[in-house]
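Residue-level structure breakdown
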Amino acid sequence: MKQPAKVLTIDARGPHPEPLSGHLRMGGQNPQGRTIDVNSRYLLLDDRPWLGVMGEFHFSRYPEKYWDDELLKMKAGGVEIVSTYVFWIHHEEIQGQFDWTGQRNLRRFVELIGRRGLFALIRCGPWAHGECRNGGLPDWILTQCQVRSNDPVYLDHVRRFYGEIAQQLDGLLWKDGGPVIGIQLENEYWAHGEGRGEAHILTLKRIAQEVGLDVPLYTATGWGPVRLPQDEVLPVYGGYPDGFWDREIEGYREEYKVHYFFQHERNDHTIGDDLRAERRVIDNVDRSRYPYLTCEMGGGMHASYHRRPRLSADDIAAMAWVTVGSGGNLQGYYMYHGGSNPEGKLITLQESQATGYPNDMPIVNYDMQAPLREFGQSNRSYHILRSLHLFLHDFGHDLAPLVSLLPPDGPTRLSDLTSVRWAVRADERHGYLFVNNYQRFAALGEKPDVQFKIELADGPLLIPETGTITIPSGAYFLWPFNMDLGGVLLRYATAEPLCHLKDQDGRPVYVFFAAHGIEAELNFDTQNVSAISCTSGVAEKAEKRWIVRDLEPGTGCVIRVESKEGKTITLLVLTHEQALQAWKGEFAGLERLVLSRDDLLFDDGRLRVRTRAENETELLVFPRIGSPLCAAQTSEAGESLTTSSVGKRRQRDECQGDHCQGDHRQGKFCHEAASSLLAEETSGVFSRYRLVWKPKTASVTCRQVREPKQPPPVTLGPAKVAQIPPEEAYKAAGVWEVELPKDAFGGLSDIYLRFHYVGDIARLYLGGRLVADEFYIGNPWEVGLKRFAPQVLQQPLQLHILPLQKGAPIYLAQEAWPDFRGGRSVARLDRIEVILEREFTLEPAEPA
């Protein structure tokens, strides 16, 4: 290896201050004796440091019959806390008429959260924002009082609303043994003056407690010019790769670049600045008293009519690694799961300029380009983030107490594209090294000949000490140093820790991966090691260390360390691609690591596989199961399910619960369930199972029934940005009818239509009712259909595309602007891609 051009150094010798404790008016114990607490640096769960993962999912924006499956997806993605807004207008649109039924049933949603072993944090406003009409406040309250203040009339209404929430959550709070561990009060609250500011937040907390919303944690958003009552609420922070709320329609604001630099400034200067008079940020928060917790790290970004950012998975994921490296101790995403606005009783429920707000939003769509999309489909960001979340779940207790340290010669300007961006979370002896070489809209070149030096209490540590590395362009990762692996000291690894579990015999297994193709080198202290062996590569013993190098990562790349105490510690080193296919959960009686390109749901000991593959897929399981699996699929009569094994096939006479694609008791479509045995093969130390089935062809009938016309010019609205066209303008939309075969859902868990189109606004109607819409951002538009069955099999869908006008005063990514082919506007449907999704449920085969 070459000698480094420069050794990059961080001094972690300390001493580092101990966190403050006992000053925050928080914490609580449930009837089972479990505790939640917080100090100035981190949360504690059962007296153990806790670095949790929180994901936002709005129950009232998703059909209730699918909540349970979506919560399982979130859990499989590594989410531990489900946060949700309770939009007042969704529940009391008409004064005095509360609606907690159907997809507005908060109690049912929280019950499911608890059933799935998750925690809940309820963001109960009263003002929530969330791109909801009036920020979630009902229309009627706006004329009766001074909202968002200590106006007695307003507070009486708030007490009634909070009381309704308390009734919904009765018996479900942490103190009752339930999953609700926190309440967020208000949102983006920047009002100052008498009866406002910290006085109002304190009043809301008092009312919440008086009506019974007594929880261990109370939070309030900490960005912007906030005034929060000291030690009464935890400020929570966020940051996004871009903002639909920006007034600019040319390019990208410099301030967003800060999220790709390691830093210790928590207060984001961009979130919600369309709602305040000036961008200058002054607050009263003493950050030394609170941990760095987030609730709105951008899991994606919505599109407003005037500004339509298009994000990549790396835009989102790189920020997550940077946030943790910068000291983040609660990884909260907004949104983690997209959704669709419910239908209002009187009005539509989206934010708009017509209601005095600064942006026009889609009537239905709240997809947010989130890790889990509007119709439950997974984004690439879901899989990348899961690899970080698995690490946080298994090693977060070790990471949370560690302070974030930055290099003294690190980048100081947002325009710096050449300096290595890195940080360390450490105490005086051990920690984790974080690197980010990715930035949205900027190609950060590879960084060659890099070597890191971390000054520790017992001397400096070079990583790697055998030479240098090249940091690839676009890479972001974390490496451990002086990591305790069950009594064996790993001095460092140039591989990223993914998770740990136990093998069939209960011995510890630590899983790593070679991030971004960087050569994996593991350096062990010899003090408690008697021998090291590896299935690939070389293990060399030097004076005070063992070095394992030249590895070939994969399912068979195993390192076994024998301690002087006679213990065996196993390390498994995967490829980066395999790490993005890694899932961990309870299956076949043990906690197991499963590698699969499909979406997996761990469901009460069963494994549910949802696949879009054409006719076959496979999954790898560790520890090995040692037996065949029984695979059940809901399939139409006569469709065969074949596998790589020749085994018995079971036909079931009636629908099998979760295997059924509809509720036959309600007259909805369902099909015969079939099952077959999957033979166990091997791949390295994993069991390998193949699923093979008869491919199903799919097509839709599409015909154009109206040609598009030139629409009226786009005008500026009251907020001085482009205003969504009035309803009369949709007479200029092109219209296509799309019809499905009557048996389209046979053997399928869902059908997605992917519309490859060009236009300004796309709307989808069924039976004359608007069921989905989108502002064009340059990507194909994907719509899931199962929620519209059986009606979608009986009536055609109507797709309306309003023409996009040349020179319209909107922001689109430069590459998203179409060729207008000499015209003034364009509305075009190029093709419809039909994507079929199947579900298989896997269980260990019953003994013969």
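The structure contained in this document is the topic of the report that follows. As the structure is a prediction and not an experimental result, all values here were calculated from the model. (Residues numbered from 1 in each chain as written. Predicted model: local features only at pLDDT ≥ 70, side-chain atom pairs only at ≥ 80, totals over all residues. Heavy atoms only, no water.)

**As for the overall build of the chain**
Here is the rule we go by: Counting from the N terminus, the helices are the DSSP runs of H or I reaching at least four residues and the strands are the DSSP runs of E reaching at least two. The atom set for the radius of gyration is the C-alpha atoms, and the globule formula is 2.2 Å times the number of residues raised to the power 0.38. Residues are treated as being in contact if the distance between any of their heavy atoms lies within 4.5 Å. What sets the accessible areas is the Shrake-Rupley method with a 1.4 Å probe; for residues, cover comes only from the shown protein chains.
In terms of helices and strands, the chain carries nine helices and 54 strands. The C-alpha atoms of the chain give 27 Å as radius of gyration, which agrees with the globular expectation for 848 residues (29 Å, within 12%). With respect to the three principal axes, the spread of C-alpha positions in the chain is 80 × 70 × 65 Å. By sequence separation, contacts in the chain at least 24 residues apart represent 74% of the contacts at least 6 residues apart. Of the roughly 30700 Å² that the chain leaves accessible, carbon and sulfur atoms contribute 47%.

**Things to note about the packing of aromatic side chains**
Selection rule: Aromatic rings from Phe, Tyr and Trp, with only the six-membered ring used for Trp, were paired whenever their centres fell within 6.5 Å, and each pair was classed as stacked if the ring planes differed by under 30 degrees, edge-to-face if by over 60, and tilted otherwise. Partly exposed describes any residue whose relative accessible area lies between the buried limit of under 20% and the exposed limit of over 50%, with all areas from a 1.4 Å probe on protein chains only and scaled to the type maximum.
If you walk through the whole model with that rule in mind, you get 35 aromatic pairs. With a centroid separation of 5.6 Å and an interplanar angle of 80°, the aromatic rings of Tyr305 and Phe775 are classed as edge-to-face. In this pair, Tyr305 sits in the loop between β12 (293-298) and β13 (307-308) while Phe775 sits in strand β48 (residues 769-775), placing the two residues 470 residues apart along the sequence. For the pair Tyr305 and Phe775, one class covers both residues: buried.

**A few points about the nonpolar core**
Here is the rule: Here, the term nonpolar core denotes a set of buried Ala, Val, Leu, Ile, Met, Phe, Trp, Tyr and Cys residues that are joined through side-chain atoms within 4.5 Å.
Counting residues in hydrophobic clusters, the biggest one holds 176 residues, and the most contacted among them are Ile122, Tyr162, Ile165, Phe524, Leu571 and Leu842. By residue number, the principal contributor to this core is helix α6 (residues 313-325), which donates nine residues. Non-local contacts of Tyr162, meaning those with residues more than four positions away in its chain, are made with Cys124, Gly125, Pro126, Leu185, Leu204, Ile207, Ala208, Val211 and Leu213. By size, the runner-up hydrophobic cluster in this structure holds 53 residues, among which are Leu748, Val783, Ala808 and Val826.

**A few points about the environment of Lys806**
With respect to the element layout, Lys806 can be found in the loop between β51 (804-805) and β52 (811-812). Taking C-alpha positions, Lys806 is 55 Å from Asp170, a pair spaced 636 residues apart along the chain. In this structure, Lys806 is in contact with Phe820, Gly823, Arg824 and Ser825, ignoring residues within four places of it in sequence.

**Here we look at the side chain of Asn365**
Of note, Asn365 is situated in strand β16 (residues 365-366). When its relative accessible area of 6% is taken as the criterion, Asn365 is described as buried. Setting aside chain neighbours within four positions, we find Asn365 in contact with His302, Gly339, Asn341, Glu374, Asp773, Glu774 and Trp781.

**Quick word on the sheet that holds strand β6 (residues 52-56)**
Strand pairing in a sheet takes place through backbone hydrogen bonds and is either antiparallel or parallel in direction. Where we set the bar: Being paired, for any two strands, means DSSP has found at least two bridges between them. Angles shown run from 0 to 180 degrees and are taken between the N-to-C directions of axes, each axis being a line fitted to C-alpha atoms and, for helices, limited to the stretch in contact.
Taken in spatial order, the eight strands line up as β6-β7-β8-β9-β10-β11-β12-β14 and close into a barrel, and their pairing is parallel. For this sheet, the mean angle separating the axes of adjacent strands, direction not counted, is 25°. As paired strands, β6 and strand β7 (residues 81-85) are joined by three bridges and run parallel to one another. Considered in β7, the bridge of Gly55 is made with Val82. On top of the sheet, helix α7 (residues 380-399) reaches β6 and β14 (330-334); it is set at about 150° to β14, its chief contact.

**Some thoughts on the sheet that holds strand β23 (residues 476-485)**
Reading across the sheet, the eight strands line up as β17-β18-β19-β23-β24-β27-β30-β29 and stay open at both edges, with antiparallel pairing between neighbours. With partners counted over all chains shown, the strands left at the sheet margins are β17 (403-405) and β29 (538-541), one partner each. Within this sheet the neighbouring strands show an average axis-to-axis angle of 20°, counted without direction. The pairing of β29 with strand β30 (residues 545-549) spans four bridges and is antiparallel. Across the sheet, Val538 pairs through a bridge with Arg549, a residue of β30. Sitting on the sheet, α6 touches β17, β18 (421-426), β19 (431-436) and β23, and the angle it makes with β23 is about 35°. Running at roughly 155° to β19, α7 makes contact with β18, β19 and β23 of the sheet.

**Details of α6**
Quick reminder of the rule: Multiplying 1.5 Å by the helix residue count minus one yields the expected span of that helix.
Taking 1.5 Å per residue as the helical rise, α6 with its 13 residues ought to reach 18 Å, and the 19 Å between its terminal C-alpha atoms agrees with that figure. Residues of α6 that are buried include every one of Ala313, Asp315, Ile316, Ala317, Ala318, Met319, Ala320, Trp321, Val322, Thr323, Val324 and Gly325, and no others. Where α6 terminates, the next one or two residues include Gly327, which has phi positive at roughly 110°.

**A word on the pairing of strand β47 (residues 761-766)**
With six of six residues buried, β47 is to be regarded as a mostly interior element. A two-sided burial pattern is seen for β47, the buried positions comprising Ile761, Arg763 and Tyr765 on one face and Ala762, Leu764 and Leu766 on the other. One ladder, built from six bridges, connects β47 with β48; its direction is antiparallel. Bridge pairing in β48 places Leu764 opposite Ala772. As consecutive antiparallel partners, β47 and β48 are separated by two residues, and within that stretch Gly767 has a phi angle of approximately 60°, a positive value. Pairing analysis gives six bridges linking β47 to strand β50 (residues 797-802), with the strands arranged antiparallel. Following the sheet pairing, Ala762 is matched in β50 by Ile801.

**Looking at the pairing of strand β43 (residues 686-693)**
With respect to burial, β43 is a largely interior element, six of its eight residues being buried. Where strand β37 (residues 616-622) meets β43, six bridges bridge the pair, whose relative direction is antiparallel. Along β43, the bridge assignment pairs Val621 with Ser687. Sheet analysis places strand β42 (residues 681-683) next to β43, joined by three bridges and oriented antiparallel. Bridge pairing links Thr682 to Ser687 in β43.

**Remarks on empty space enclosed by the protein**
The following threshold applies: Buriedness for pockets is judged along seven lines, at least five of which must meet protein on both sides within 12 Å for an open set on the 1 Å grid over protein atoms alone, while cavities are sets there where a 1.4 Å probe fits but cannot get out, and lining residues have an atom within 4 Å of a point. Grid points are joined across faces, edges and corners, and a volume is the space filled by probe spheres set on the points. Think of it as three bins: nonpolar holds Ala, Val, Leu, Ile, Met, Phe, Trp, Tyr, Cys and Pro, charged holds Asp, Glu, Lys and Arg, and polar takes everything else, Gly as well.
Throughout the structure, instances matching the rule amount to three cavities of 30 Å³ or more. Estimates place the volume of the largest cavity at around 150 Å³. In this structure, the largest cavity is lined by 17 residues; those nearest its centre are His129, Glu131, Tyr240, Trp245 and Glu296. Partitioning the lining of the largest cavity into residue classes produces nine nonpolar, four polar and four charged. Here the second largest cavity defines a volume of roughly 110 Å³. Around the second largest cavity, the lining is made up of 15 residues, and of these Met54, Leu121, Leu217, Thr219 and Leu330 lie nearest the centre.

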